[in-house]
Protein chains: 2
Amino acid sequence: MPRKIVIIGANAAGSGVASAARKTDREAEITIIEREKYPAYSRCGLPFVLAGEISEFEKLIIFPLAWYKMMKLNLLTETTVQSIDVKEKSIMIKSADGKESTLPYDTLVLATGARSFIPPVKGYDKDGVLALRTIQDGIKFKEKMKSAKAAVIVGAGFIGLETAHALFENKINPIIVEMLPWICPTVFDQDTANIVQKKIEEHGIKVIVGKGVEEILGDTSVTGVKVAGETIPADMVLMATGVRSNTELAVQMGVELGITKAIKVNSRMATNISDVYSCGDCVESQNMLTGLIGMCQLGTTAVRQAKVAGTNAAGGYSVFPGVLGSSVSTFFGVEIGATGLTEFQATRLGLKPISGVVTSKTRADYFPGAKDIRVKIVAEPEFGRIIGCQIVAGEEVTQRVNMISAGIQKQMTIFELAKADTCYAPPVNETWEPIALAAEMAVAKLRR
Amino acid sequence: MPRKIVIIGANAAGSGVASAARKTDREAEITIIEREKYPAYSRCGLPFVLAGEISEFEKLIIFPLAWYKMMKLNLLTETTVQSIDVKEKSIMIKSADGKESTLPYDTLVLATGARSFIPPVKGYDKDGVLALRTIQDGIKFKEKMKSAKAAVIVGAGFIGLETAHALFENKINPIIVEMLPWICPTVFDQDTANIVQKKIEEHGIKVIVGKGVEEILGDTSVTGVKVAGETIPADMVLMATGVRSNTELAVQMGVELGITKAIKVNSRMATNISDVYSCGDCVESQNMLTGLIGMCQLGTTAVRQAKVAGTNAAGGYSVFPGVLGSSVSTFFGVEIGATGLTEFQATRLGLKPISGVVTSKTRADYFPGAKDIRVKIVAEPEFGRIIGCQIVAGEEVTQRVNMISAGIQKQMTIFELAKADTCYAPPVNETWEPIALAAEMAVAKLRR
């Protein structure tokens, strides 16, 4: 009898699970249960639709219905899970028309994702307070932009800043409010953040750091935001304040949560319950570098975990090596990226890190169009192993982050990186790769 | 008494030596002897000046005279070395005005570089047969382009192809002749080369592979080139057929050459003669991966070796870790790059390599401006260690090559690379990094 694989959630993680499972077992009966109307679309693309760089939300649908057919996947959209019996290995589902039915499984994968987290600040439920996680959110945001005169972005992470850029492109200069002392605090140290903040401010956008939102003002609709006693007028407010894992179903069926309150999995993405796997925004991850457990709710992490979970759920063998949190974005004319630990994070872990910083150009200095680049490398001081990097440049950041990520994975030292065999041609790089120079600066500090 | 350091050659290698030596020893008396009029300029930029992308040759001068002053370097241009007495540690030099003098040294660095190699094919000395190595060559080439009607490029390496593109930009469609069976044979396998060749041919440029030039025709000036019995009309011919190390001085003073007939050095860039170092295009290099000795006459290799040689010549300690030959170029709308071994080269070394190939996009498929990318990863089949890559794309090749180069340096396997923690945002990458997917394709072959 063919193996019955059921996947709950059809977004990046769930669809990735289905794809890997199908490649592992050509005969399996694979069912995907999705409560939304649309299956997998790229959430990461939402701010770029709002900015007008992508013409319409429909373009974000990365797995069209035809793909599910081609892969012989049984996709049930607008369907909710009522309950799961892990002893009987059966799932009670309810379809859009209200009909309930029972679905047996041999292996089950929870890819239930996450939802926007709106902090319970006074007035958070007023009209005009928005999140940006789903296409529905995007449509609502776009509609609101048409009439809005003043906007506030709460939270200066990548999504907050990307959406600030989208507002700017729509002739609305938002005010950005970040509670922590600098922007992008999970990926940047203050020195790097200050450079990015300056770039944003050059576009006429005000950034307030180190201050929280005390209240959202207005009757039923937002009229302003109170920050450190002062009132900022606004008729739309984006709460870009992170996400929380969807774990209700997991808890209901007895799946163990970890220290982060997200689903706990082992390196094969298996939960504590036999034949139940999980992956994506609803699970916690182990950091490759520190061994610590934390959250890494990135699309790239989701698809990588999904491939492992899908392979295992279909009878194959695959392990997930952990995360480094490599991430990148682009807005206001700069590309920014980071991986591993910041100097601040490493210091808090007691690592006494050293760092090397260099500013250079992305092409030969004499080549037209050469853009500024700043690289910061962070290392531990005994063996000089690289533990992180932060890059801000006019172009070509993504693959530099990937290079450092690979270096961290393979315990590369700043001594090795300073002498790495990098390539160059005048239109595409400087003779001395800035990353190698940053490593050299770090080496110089160690030898001082 | 301050240390006396003498450097012969003031180009990328020589000036790099001087810079590193000055940083190591603030008090040293550093003299650089250069026979050309211009000190360090970027040879790699010459084709891009010819293409009109860089406005003038003067822009290529990367170390202006002011830099030598600032670094307190005694620069002697238009000066030749008459003889070197390694027992007395003194150098007889002759300046532009014909005056001879003697220069003592404590340490000496030979950075004598290389010169164009013109194969002794019949008619090679006719007017209109050109090389492209110096600014003088560039000026001559540019002048010739003004009147030329038909051009032939002999040798389809990066410089040959970059110059073909320059001719194309000047409305002269050259015919490219490569003796070996495919273009860029030292960095690409045939499958990769065919893709690049097609890109070039799409621009209306004919590429002839597997055939050598038999004769250069014409009276005193070139009128054509004979290839496999056929005559190709041409009034200018670029011989892009490689370079040969300048070793005359080294031989004269008793410096040992290696199996490649270039100068033999150890990992500190020291020659067999006490206190005499060498670096750049005149030395041979050890491959990091194979341990084999060969030539790696790249600007990036020269500056890396120069830093090591300069540090050691000034009393510091630095070792050169070897080369992988990472290189990149861009022309005819594609960026191309490679590092390590090709499948062909690895096969000849008996490694029985496997490879993985993937074609994808450089941005999210739905993001405007996404360009094609093709990645080929080569690995050895026992541990799956990466031994090379070849990348052709519309953009973002350079740093991918650097990532793989770092991976090879750190013995990364295709298993690890397939699950590397890469980063993504819709405007700058696909969710699945193409390099990781290529590694996965190679893994699939190993497991078949």
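Rules behind the numbers
Residues numbered from 1 in each chain as written. Chains lettered and ligands numbered in written order. Predicted model: local features only at pLDDT ≥ 70, side-chain atom pairs only at ≥ 80, totals over all residues. Heavy atoms only, no water. Helix = DSSP H or I, 4+ residues; strand = E, 2+ residues; numbered from the N terminus. Buried < 20%, exposed > 50% of the residue type's maximum accessible area, 1.4 Å probe, protein only. Least-squares fit on C-alpha atoms with pLDDT ≥ 70 in both. Contact = heavy atoms within 4.5 Å. Expected span 1.5 Å × (residues − 1). Pairing = 2+ DSSP bridges. Axes fitted to C-alpha atoms, helices over the stretch in contact; angles between N-to-C directions. Buried area = accessible area lost by both parts, 1.4 Å probe. Salt bridge = Lys/Arg side-chain N within 4 Å of Asp/Glu carboxyl O. Polar contact = N/O pair within 3.5 Å; in protein donor to acceptor, adjacent residues only side chain to side chain. Nonpolar A, V, L, I, M, F, W, Y, C, P; charged D, E, K, R; others polar. Parallel < 35°, antiparallel > 145°, perpendicular 65-115°, else oblique. Left-handed = near helix turned anticlockwise from the far one by under 90°. Patch = residues over 30% accessible without salt bridge, like charges linked within 9 Å, V, L, I, M, F, W, Y side chains within 5 Å. Areas by Shrake-Rupley, 256 points an atom, 1.4 Å probe, with all protein chains shown as cover. Phe/Tyr/Trp six-rings, centres within 6.5 Å; stacked < 30°, edge-to-face > 60°. Lys NZ or Arg CZ within 6 Å of the ring centre and 35° of its normal. Disulfide = S-S within 2.5 Å.

How do you make sense of the environment of Glu58 of chain A when you look at a structure like this?
Residues and elements named next belong to chain A. Relative to the helices and strands, Glu58 resides in the loop between helix H2 (46-50) and helix H3 (65-70). Assessed through its relative accessible area of 47%, Glu58 is described here as partly exposed. Residues Glu58 and Ile135, spaced 77 residues apart in sequence, show a C-alpha to C-alpha distance of 8.7 Å.

In this structure, what is going on with unusual backbone geometry? I would like to understand it.
Phi is mostly negative for residues that are not glycine, and the peptide bonds are mostly trans. The backbone phi angle of Lys89 of chain A is positive, close to 55°, even though this residue is not glycine. Residue position: Lys89 of chain A is located in the loop between strand E4 (80-85) and strand E5 (90-94). Not every positive phi belongs to a glycine, and Gln411 of chain B is a case in point at roughly 55°. The topology assignment puts Gln411 of chain B in the loop between helix H10 (398-409) and helix H11 (414-418). Relative accessible area serves as the criterion here: at 47%, Gln411 of chain B is assigned to the partly exposed category.

Is there a simple way to think about the relation of the copies chain A and chain B in this case?
Put simply, the two copies of the chain differ by a rotation about an axis and a shift along that axis. The transform that puts chain A on chain B rotates by 180° and translates by 0.0 Å along the axis, for an RMSD of 0.0 Å. Look at the turn and shift together and you get a two-fold axis relating the two. Among all C-alpha atoms of chain A, that of Met403 of chain A lies closest to the rotation axis, at 2.0 Å. A shared binding surface is used by both copies, with 100% of the interface residues of chain A retained as interface residues in chain B.

How should helix H12 (residues 434-447) of chain B be read in this particular structure?
Since the α-helix advances by 3.6 residues per turn, residues separated by three or four positions end up pointing in the same direction. For H12 of chain B, which comprises 14 residues, the first-to-last C-alpha distance of 20 Å matches the rise-based estimate of 20 Å (1.5 Å per residue) to within 8%. Considered for burial, the residues of H12 of chain B that qualify are Pro434, Ile435, Ala436, Leu437, Ala438, Ala439, Ala442 and Val443 of chain B. On its buried face, H12 of chain B is in contact with helix H8 (299-313) of chain A together with strand E23 (354-361), strand E24 (372-379), strand E25 (386-393), H10 and H11 of chain B.

Whenever I open this one, the sheet that holds strand E16 (residues 236-239) of chain A confuses me. Can you help?
In sheet architecture, strand pairing relies on hydrogen bonds along the backbone and comes in two forms, parallel and antiparallel. All names here are of chain A. Strand order in this open sheet of 5 strands is E9-E16-E10-E11-E12, and the pairing throughout is parallel. The sheet is open, and its two borders are formed by strand E9 (129-130) and strand E12 (206-209), each paired with just one other strand. Both strand E10 (residues 151-154) and strand E11 (residues 175-178) contribute to a ladder of 3 bridges, which runs parallel. Looking at E11, one finds that Val154 is bridged to Val177. The strands touched by helix H5 (residues 158-169) within the sheet are E10, E11 and E16, with E10 carrying the most contacts at an inclination of about 165°.

For this particular structure, what's the right way to read the interface of chain A and chain B?
Taken together, the contact pairs 63 residues of chain A with 63 residues of chain B. Across the interface of chain A and chain B, roughly 5500 Å² is buried in total on both sides, 61% from carbon and sulfur atoms. The largest share of the area that chain A buries against chain B comes from Tyr366, Gln399 and Asp421 of chain A, three residues that together contribute 15% of it. Here chain A is connected to chain B by 6 salt bridges. Between Glu416 of chain A and Lys410 of chain B there is a salt bridge whose closest N-O contact spans 3.0 Å. Our count for the contact surface shared by chain A and chain B stands at 34 residue pairs in polar contact (both at pLDDT 80 or more). Counting only elements with at least two residues in the side of chain A that touches chain B, the list comes to H8, strand E21 (327-331), strand E22 (334-340), helix H10 (398-409) and helix H12 (434-447) of chain A. Take the side of chain A that touches chain B: its biggest share by element is 9 residues, from H10 of chain A. The residue inventory of the side of chain A that touches chain B, partitioned by class, reads 29 nonpolar, 21 polar and 13 charged.

Looking at this structure, I do not really get the packing of helix H1 (residues 12-24) of chain B against helix H8 (residues 299-313) of chain B. What am I missing?
Helix packing for two helices is described by the angle between their axes and how far apart those axes are. Residue and element names in this part refer to chain B. At a minimum axis distance of 7 Å, the contact between H1 and H8 shows a crossing angle of 40°. As the angle between them shows, H1 and H8 are arranged oblique. Here H1 and H8 pass one another in a crossing that is right-handed. Counting all contacts with H1, which are made through Ala12, Ala13, Gly16, Val17, Ala20, Ala21 and Thr24, the residues of H8 involved are Ala302, Val303, Ala306, Lys307, Ala309, Gly310 and Thr311.

Got a minute to help me understand the packing of H10 of chain A against H10 of chain B in this structure?
For the pair H10 of chain A and H10 of chain B, the least separation of the axes is 8 Å and the interaxial angle reads 5°. Taken as axis vectors, H10 of chain A and H10 of chain B run roughly parallel relative to one another. Between H10 of chain A and H10 of chain B, the contacting residues are Gln399, Arg400, Asn402, Met403 and Ala406 of chain A on the first element and Gln399, Arg400, Asn402, Met403 and Ala406 of chain B on the second. Split by residue class, the contact of H10 of chain A with H10 of chain B holds 4 nonpolar, 4 polar and 2 charged.

Hey, could you run me through a nonpolar patch on the surface in this one?
Together, Leu292, Leu349 and Leu351 of chain A line one region of the surface with nonpolar side chains, adding up to about 240 Å² of accessible area. Since its relative accessible area comes to 40%, Leu349 of chain A is described here as partly exposed.

Teacher, can you tell me more about the packing of aromatic side chains here?
How two aromatic rings sit relative to each other is given by the distance of their centres and the angle of their planes. All names here are of chain A. What the rule picks out here adds up to 14 aromatic pairs over all chains. Taking 4.2 Å as the distance between ring centres and 45° as the angle between the ring planes, the aromatic pair formed by Phe63 and Trp67 counts as tilted. Over the aromatic face of Phe117 sits the side chain of Arg244, whose NZ or CZ is 3.7 Å from the ring centroid.

I'm lost on the state of the cysteines in this one. Help?
Put plainly, a disulfide is one covalent bond tying together the sulfur atoms of two cysteines. Taken as a whole and assessed by the stated rule, the structure comprises 0 disulfides over all chains. Of the cysteine sulfurs around Cys389 of chain A, a residue in no disulfide, the closest is that of Cys423 of chain B, at 8.6 Å. The class of Cys389 of chain A is buried, set by a relative accessible area of 0%.

Can you walk me through the sheet that holds strand E12 (residues 206-209) of chain B in this structure?
All names here are of chain B. One open sheet accounts for 5 strands, arranged E9-E16-E10-E11-E12; its pairing is parallel. For this open sheet the edge positions go to strand E9 (129-130) and E12, each flanked by a neighbour on one side alone. Most of the contacts of helix H5 (residues 158-169) go to strand E10 (residues 151-154), to which it runs at about 165°, and overall it touches E10, strand E11 (175-178) and strand E16 (236-239).

Just to check I follow, could you spell out the pattern of salt bridges for this structure?
Two side chains bearing opposite charge may form a pair once their charged atoms approach each other closely. On inspection of all chains with the given rule, the structure shows 38 salt bridges over all chains. For Asp281 of chain B, the salt bridge goes to Arg133 of chain B, with nearest N and O atoms at 2.8 Å. With Asp281 of chain B in the loop between strand E18 (276-278) and strand E19 (285-286) and Arg133 of chain B in the loop between E9 and helix H4 (135-147), this residue pair connects regions lying 148 residues apart in the sequence. Take Asp281 of chain B and Arg133 of chain B: they sit in the same class, and that class is buried. Among the ionic contacts, a cluster of salt bridges with common partners joins Asp189, Asp191, Glu343, Arg374 and Lys376 of chain A.

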